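# A closer look at the structure
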Amino acid sequence: RAFIAGVACAAAVVSARDRRRGARESRGTRADSARGASPAASTTRTGQALYDSAKAVDEYVTFHYSARSTIAGALRTFPYEDMVRGGVDVRSALGFVEACARVAVEAMEARLASSASAGTLTSALDVGCAVGGTSAALAKQGRFTRVVGVDYSRAFVDAAKRAQSGAFDARDGYEADADALSRCVFERGDACALRKDIGIFDAVIAANLLCRLPDPEAFLRACVNITNVGGALVLASPYSWLEEWTPRDRWLDFPAVRAILEPAFVLERECDLPFIIREHARKFQLGVSHVAVFRRV
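The following paragraphs examine the structure supplied in this document. Not measured: the values here are computed from a predicted model.

With that settled, the discussion passes to the state of the cysteines. A full pass over the atoms with the stated rule returns 0 disulfides. For cysteine 100, which is in no disulfide, the shortest distance to another cysteine sulfur is to cysteine 271 and amounts to 8.3 Å.

Inspection of the secondary structure puts asparagine 208 in the loop between β5 (201–207) and α8 (216–226). Taking C-alpha positions, asparagine 208 is 8.4 Å from tyrosine 239, a pair spaced 31 residues apart along the chain. With residues up to four places along the chain from it excluded, the contact list for asparagine 208 reads Phe96, Ala236, Ser237, Pro238, Phe275 and Ser289. A polar atom in the side chain of asparagine 208 sits 2.5 Å from the side chain of serine 289.

Its 12 residues place the ends of helix α2 (residues 54–65) 16 Å apart at the C-alpha level, agreeing with the 16 Å of an ideal helix rising 1.5 Å per residue. The buried fraction of α2 is high, at 11 of 12 residues. Of the residues making up α2, those classed as buried are Lys55, Ala56, Val57, Asp58, Glu59, Tyr60, Val61, Thr62, Phe63, His64 and Tyr65.

What follows covers the pairing of strand β3 (residues 144–151). For β3, a buried count of 6 out of 8 residues is recorded, marking the element as mostly surrounded by other parts of the structure. Each parallel crossover has a hand, and the one from strand β2 (residues 122–127) via helix α5 (residues 133–140) to β3 is right-handed. Examined bridge by bridge, β3 and strand β4 (residues 184–188) share 5 bridges and lie parallel to one another. The residue of β4 that forms the bridge with valine 150 is glutamate 187.

Turning to the pairing of strand β6 (residues 227–237), a few remarks are in order. Successive residues of a regular strand alternate their side chains across the two faces of the sheet. Burial of β6 is extensive: 9 of the 11 residues sit out of reach of the surface. Of the pairings in the sheet, the one linking β6 to strand β8 (residues 283–296) comprises 6 bridges and is antiparallel in character. Its bridge partner lying in β8, serine 237 is registered against histidine 290.

So, on to the side chain of threonine 227. On the secondary structure map, threonine 227 appears in strand β6. One polar contact links the side chain of threonine 227 to the main-chain carbonyl oxygen of cysteine 223, over a distance of 2.8 Å.

This paragraph deals with the nonpolar core. Of all hydrophobic cores here, the largest spans 52 residues; its most connected members are Tyr60, Val61, Tyr65, Phe96, Leu138, Phe144 and Phe156. When residues of this core are assigned to their parent elements, the largest contribution, 10 residues, is made by helix α4 (residues 96–113). Excluding anything up to four places from it in sequence, phenylalanine 156 contacts Tyr51, Ala56, Val57, Tyr60, Ala130, Val131 and Asp151. The next biggest cluster of nonpolar side chains, apart from the first, holds 33 residues, and it includes Val148, Cys192, Leu220 and Tyr239.

Okay, the packing of α2 against helix α6 (residues 154–164) next. In the contact formed by α2 and α6, the axes pass within 10 Å of each other and the chain directions differ by 45°. By the criterion of interaxial angle, the relationship of α2 to α6 is oblique. The interaxial crossing formed by α2 with α6 has right-handed handedness. In contact with Ala56, Val57, Tyr60, Val61 and Tyr65 of α2, α6 contributes Ala155, Phe156, Ala159, Arg162 and Ala163.

The subject of this paragraph is the pattern of salt bridges. Per the stated rule, a full pass over the model turns up 12 salt bridges. Residue arginine 195 pairs with glutamate 187 through a salt bridge whose shortest N-O separation is 2.8 Å. Among the residues examined, glutamate 187 registers a relative accessible area of 17% and is labelled buried. Through salt bridges that share partners, Glu187, Arg195 and Asp197 make up one connected network.

Using the criterion set out here, one finds 11 aromatic pairs in the structure. Centroid distance tyrosine 51 to tryptophan 245: 5.0 Å. Interplanar angle 35°. Geometry classified as tilted. Here the residue tyrosine 51 occupies a position in the loop between α1 (16–34) and α2, and tryptophan 245 occupies one in the loop between β6 and α9 (254–261), the gap between them amounting to 194 residues. According to the relative accessible area criterion, tyrosine 51 is buried, its value standing at 10%. A centroid spacing of 6.2 Å and a plane angle of 45° characterise the contact between phenylalanine 63 and phenylalanine 275, whose relative ring orientation is tilted. Here phenylalanine 275 lies in strand β7 (residues 265–280) and phenylalanine 63 lies in helix α2, a separation of 212 residues in the sequence. Each member of the pair phenylalanine 63 and phenylalanine 275 is classed as buried.

Calculation notes
- Residues numbered from 1 in each chain as written.
- Predicted model: local features only at pLDDT ≥ 70, side-chain atom pairs only at ≥ 80, totals over all residues.
- Heavy atoms only, no water.
- Disulfide = S-S within 2.5 Å.
- Helix = DSSP H or I, 4+ residues; strand = E, 2+ residues; numbered from the N terminus.
- Contact = heavy atoms within 4.5 Å.
- Polar contact = N/O pair within 3.5 Å; in protein donor to acceptor, adjacent residues only side chain to side chain.
- Expected span 1.5 Å × (residues − 1).
- Buried < 20%, exposed > 50% of the residue type's maximum accessible area, 1.4 Å probe, protein only.
- Right-handed = clockwise from strand over helix to strand, strands pointing away.
- Pairing = 2+ DSSP bridges.
- Core = buried A, V, L, I, M, F, W, Y, C linked by side-chain atoms within 4.5 Å.
- Axes fitted to C-alpha atoms, helices over the stretch in contact; angles between N-to-C directions.
- Parallel < 35°, antiparallel > 145°, perpendicular 65-115°, else oblique.
- Left-handed = near helix turned anticlockwise from the far one by under 90°.
- Salt bridge = Lys/Arg side-chain N within 4 Å of Asp/Glu carboxyl O.
- Phe/Tyr/Trp six-rings, centres within 6.5 Å; stacked < 30°, edge-to-face > 60°.

Structure follows, in structure tokens:
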């Protein structure tokens, strides 16, 4: 159901943006080396400390905010026909952040359409928000008056706040919606031990978070207390468990996830969403996340 692959892309031209990015990555690599981090580390191969590195921030800013045309241009010579797995085309991976937000919005619209509160605006919590792209996409939809993004990485939260201030703009090929970001609040927090007064939300989303937690069951059980009755819990995960992140005895498959959440939640929908993380102009990580929508009962 899920796979991760490093993909070499024969992009012939490195843009001016890539040269600027390369300079930033070089500075970040030198800083990481000074702190003792491995400059060659990829975000699929190491533990939590990596998500505070300049390299990870750069990869995720690109993942969350790059214009589709920018990535599509770099993938121009990519052999799409060879990368279809189970009916999933790699081209659909370019909109992962927006697609996750859309799943949550559709779940809320279904709830509102079937209740007397039709048209009521709601609140959303983005756990493992990284640099804030999914939070912004949720706010942009107009269904949520309150969007809170939480991530354990201080560097990611700082990047999300920089996005709010307009640090990632169209001149560098980004599509960060300043208006949507202005309606988000970002904070550092532990998904396995969320602060007790964080509140209760109509939609809770955790995109590519579960298999990067030291205690995923603790997070899943906490979702009962932070999701409104009738609200939606959206879990997206490639289930790419690694011992650097999660002790082996805490790895969960989807049936185990479902068993933990029931009977407080009822499964409503499942689908697959592909994603691409660009490491540099010629290398991409390709994955497919299983997405599940649960309704709080």
